[in-house]
Amino acid sequence: MNKQELALQYFPDATSATAVRHLTRWIARCHPLVEALTGTGYQSRNRTFTWKQVTLIRHTLTPFRKKFFRRRT
């Protein structure tokens, strides 16, 4: 999966460039996630993720997405 596709899943209302920046920033601020991703060969400039990297990202960031992006009524 490429970074843009994953980023747009987390930030669907943003442009693709903005979504990628936000996702990259989220990853960089989560030090345990960075350590886990580094062990899989991740580098911040990579444009694609392996299935294992996507799994790590989703497992780590999805709870935060649910917490911070609740629909306001």
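The rules behind these values
- Residues numbered from 1 in each chain as written.
- Predicted model: local features only at pLDDT ≥ 70, side-chain atom pairs only at ≥ 80, totals over all residues.
- Heavy atoms only, no water.
- Helix = DSSP H or I, 4+ residues; strand = E, 2+ residues; numbered from the N terminus.
- Buried < 20%, exposed > 50% of the residue type's maximum accessible area, 1.4 Å probe, protein only.
- Areas by Shrake-Rupley, 256 points an atom, 1.4 Å probe, with all protein chains shown as cover.
- Phe/Tyr/Trp six-rings, centres within 6.5 Å; stacked < 30°, edge-to-face > 60°.

Participant: Could you give an account of the overall build of the protein chain, with specific residues and numbers?
Facilitator: For the protein chain, the helix and strand inventory stands at four helices and zero strands. For the protein chain, buried positions account for 23% of its 73 residues. Carbon and sulfur atoms make up 52% of the accessible area of the protein chain, which totals about 5,500 Å².

Participant: Run through the environment of S44, naming residues and quoting values.
Facilitator: Its location among the elements puts S44 in the loop between α3 (31-38) and α4 (51-68). Sequence-wise, S44 and T24 are 20 residues apart; in three dimensions their C-alpha atoms are separated by 7.3 Å.

Participant: I'd like to hear about the packing of aromatic side chains, residue by residue, with values.
Facilitator: Applying the stated criterion across every chain yields a total of three aromatic pairs. Ring geometry for Y10 versus W26: centroids 6.1 Å apart, planes at 70 degrees, classification edge-to-face. Taken together, the residues span a long stretch of sequence, with Y10 in helix α1 (residues 3-10) and W26 in helix α2 (residues 16-29) at a distance of 16 residues. For Y10, a relative accessible area of 5% translates into the label buried. Ring plane angle 20 degrees and centroid distance 6.0 Å describe the contact between Y42 and F49, whose orientation is recorded as stacked. Taking relative accessible area as the criterion, Y42 reaches 8% and is therefore assigned buried.

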